[in-house]
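Read off the chains here:
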Amino acid sequence: MFEINQSATVGTIEQYQSLTSQLAALTAGEPDIIANLANISAVLFDQIENLNWLGFYVMKQGELVLGPFQGKVACVRIPVGQGVCGTAVATGEIQRVENVHDFAGHIACDSASESELVLPIKHHGKVVAVLDIDSPSQGRFSELDQQGMSLMLPLLESLNWDTYAK
Ligand code: SME
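These remarks concern the structure in this document.

Let's shift gears to the overall build of the protein. The secondary structure content of the protein amounts to five helices and six strands. Moving toward the C terminus, one meets the helices and strands of the protein in the order α-α-β-β-β-α-β-β-β-α-α. In summary, the protein has a C-alpha radius of gyration of 15 Å against a globular reference of 15 Å for 166 residues, a match within 12%. For the protein, the spread of C-alpha atoms along the principal axes amounts to about 40 × 35 × 25 Å. For the protein, the residues scored as buried account for 36% of the 166 residues in total. Contacts in the protein between residues at least 24 apart in sequence constitute 52% of all its contacts with a sequence separation of at least 6.

Given below as structure tokens:
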């Protein structure tokens, strides 16, 4: 069984680099994207402090559909352009929201969420999914957290997205 580094919370770029390396080792040689997304969400939720929800929404037939995640039951479908996740798809840009109550159209799946970081995942030039990270604390995600999480994008974008059921 793969042993994940039991370090405390992730807060520096070096720790995000180390976490990225651990995810690369965890997924290496495994072609099943759902298994990989499930394990990635488990590791990230376990290793990053002060989160209430972390998971993937995947583009299917023009809208986001809930994928592997950790946390409470969540909304299943999010239209492109709606909420923080749908905005990440529409713009192709990372969304870092200090206070979700100030974000027009924020979708409150888990009422505990106060701040949010959403990373669009691109494959063959198109957004195929987002990684949505929610915290119960306002302002939880700094510029450094955004940069650190961005280090994982090449790995996330290299997964077998073509094999995720369309
Ligand atoms: N808050 C998100 C919806 C997903 S849940 O937080 C899990 C949004 O506004 O897109």
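Back to the text.
Formed by 38 residues in total, the largest nonpolar core has its most connected members in Y57, L64, C85, A129 and V130. If you list the elements that add at least two residues to this core, you get α1 (13-27), α2 (33-47), β1 (53-60), β2 (63-71), α3 (83-91), β5 (115-123) and β6 (126-135). For this core, the element with the highest residue contribution is β1, accounting for six residues. If near-sequence neighbours (up to four positions away) are discounted, L64 is found in contact with Y57, V58, M59, R77, I78, C85, G86, V89 and V130.

Neighbouring residues of the ligand: 16 residues in total, closest G83, V84, C85, I107 and C109. Among the elements that line the shell around the ligand, the one with the most residues is α3, at four residues. A class-by-class count of the residues in the shell around the ligand yields eight nonpolar, four polar and four charged.

Spatially, six strands are ordered β3-β2-β1-β6-β5-β4 in an open sheet, and the strand pairing comes out antiparallel. Since the sheet does not close on itself, it has two edges, and those belong to β3 (77-79) and β4 (95-97), each with one partner. Mean inter-strand twist for the sheet, computed between neighbouring axes without regard to direction, equals 25°. Pairing of β4 with β5 involves three bridges; the strand directions are antiparallel. Residue pairing in the sheet places V97 in a bridge with E116 of β5. Lying on the sheet, helix α4 (residues 143-150) is in contact with β4 and β5; it crosses β5 at an angle near 25°.

Okay, the pairing of β2 next. By the bridge criterion, seven bridges tie β1 to β2 in an arrangement that is antiparallel. Paired with K60 across the bridge in β2 is E63. Judged from the three bridges that link them, β2 and β3 form a sheet pairing that is antiparallel. Counted as the bridge partner of V65 is R77 from β3. Where β2 folds back on β3, the antiparallel hairpin that results is connected by five residues.

The rules behind the values
- Residues numbered from 1 in each chain as written.
- Predicted model: local features only at pLDDT ≥ 70, side-chain atom pairs only at ≥ 80, totals over all residues.
- Helix = DSSP H or I, 4+ residues; strand = E, 2+ residues; numbered from the N terminus.
- Rg over C-alpha atoms; globule rule 2.2 N^0.38 Å.
- Buried ≥ 20, exposed ≤ 12 C-beta atoms within 10 Å, placed from the backbone.
- Contact = placed C-beta atoms within 7 Å.
- Core = buried A, V, L, I, M, F, W, Y, C linked by C-beta atoms within 7 Å.
- Near = placed C-beta within 6 Å.
- Nonpolar A, V, L, I, M, F, W, Y, C, P; charged D, E, K, R; others polar.
- Pairing = 2+ DSSP bridges.
- Axes fitted to C-alpha atoms, helices over the stretch in contact; angles between N-to-C directions.

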